[in-house]
Amino acid sequence: SSRLFQEIREKRGWAYSIYSFVSSYLDTGLLVVYFASGEKRVKDIFLLCTDSLKEFSVKAVPDDELARAKEQLKGHLLLSMESSDSRMTKLARGEIYFGRYIPVEDIISGIDKVTAEDVRALAKELFRNNTLCMATLGPIREDQLFQERLSLDV
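Residues numbered from 1 in each chain as written. Predicted model: local features only at pLDDT ≥ 70, side-chain atom pairs only at ≥ 80, totals over all residues. Heavy atoms only, no water.

Mapped onto the secondary structure, Ser57 falls in helix α2 (residues 42–58). A relative accessible area of 3% means that Ser57 is categorised as buried. Once residues within four sequence positions are removed from consideration, Ser57 is found in contact with Arg120, Ala123, Lys124 and Phe127. (Helix = DSSP H or I, 4+ residues; strand = E, 2+ residues; numbered from the N terminus. Buried < 20%, exposed > 50% of the residue type's maximum accessible area, 1.4 Å probe, protein only. Contact = heavy atoms within 4.5 Å.)

Pasting the structure below:
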């Protein structure tokens, strides 16, 4: 389970649902943190999310957490290979993005090579004020959320 799920849903009970996902493309992509909650907790949850992103930029991910994340990623990759649809999508992405077939063994080897410093450096590059966007749905006004300026920059 993710840090945010454990902290916001399990520990505090502030959200009905919270998760993140990545969507990658050839020249761009996005990392989304989604949550559903009552309007009185939106600001608190948003602040916890931005604090968590900042933490990735300044502090190395603990070794045990990085190892679990790698194993989960590799497990998901291997399970996805059981579906012919997922296999074909993976083959097509390899051709479109890299111009070649990338063996699963190479992907797993690449995952294994990722270090805590790699994660910190990428987070520092990606999680900046000019990359942050927030969308809300429901009876939330901007003045209800942020009296102060929020910042991802460290």
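Along its 18 residues, helix α3 (residues 63–80) runs 26 Å from first to last C-alpha, staying within 8% of the 26 Å computed at 1.5 Å per residue. Of the positions making up α3, those classed as buried are Leu66, Lys70, Lys74 and Leu77. Down the axis of α3, the sector holding all buried residues measures 65 degrees, keeping them to one side. Facing away from the buried side of α3 by more than 90 degrees, the exposed set consists of Arg68, Gln72, His76 and Leu79. Those residues of α3 hidden inside the fold are in contact with α5 (104–113) and α6 (116–126). (Expected span 1.5 Å × (residues − 1). Arc of directions from axis to C-beta.)

What follows concerns the packing of α2 against α6. Between α2 and α6, the least distance of the axes is 6 Å, while the angle of their chain directions is 125 degrees. Taken together, α2 and α6 sit at an angle that is classed as oblique. Crossing of α2 over α6 shows left-handed handedness. Residues Phe56, Ser57 and Val58 of α2 pack against Val119, Arg120, Ala123 and Lys124 of α6. A breakdown of the residues in the contact of α2 with α6 according to their chemical character gives four nonpolar, one polar and two charged. (Axes fitted to C-alpha atoms, helices over the stretch in contact; angles between N-to-C directions. Parallel < 35°, antiparallel > 145°, perpendicular 65-115°, else oblique. Left-handed = near helix turned anticlockwise from the far one by under 90°. Nonpolar A, V, L, I, M, F, W, Y, C, P; charged D, E, K, R; others polar.)

Attention now goes to the packing of α3 against α5. Contact pair α3 / α5: the axes reach a minimum separation of 10 Å and the direction vectors enclose 170 degrees. In this view, α3 runs roughly antiparallel relative to α5, as classed from their interaxial angle. Along its contact with α3, which presents Lys70, Leu73, Lys74, Leu77 and Leu78, the element α5 presents Val104, Ile107, Ile108, Ile111 and Asp112. In terms of residue class, the contact of α3 with α5 is built from seven nonpolar, no polar and three charged.

With that out of the way, let us pick up the environment of Val61. Within the element layout of this structure, Val61 appears in the loop between α2 and α3. You can call Val61 buried: its relative accessible area is 8%. Ignoring any residue separated from it by four or fewer positions in sequence, one finds Val61 in contact with Arg3, Phe56, Leu66, Ala116 and Val119.

Remember that the coordinates give geometry; whether it matters functionally is a separate question.
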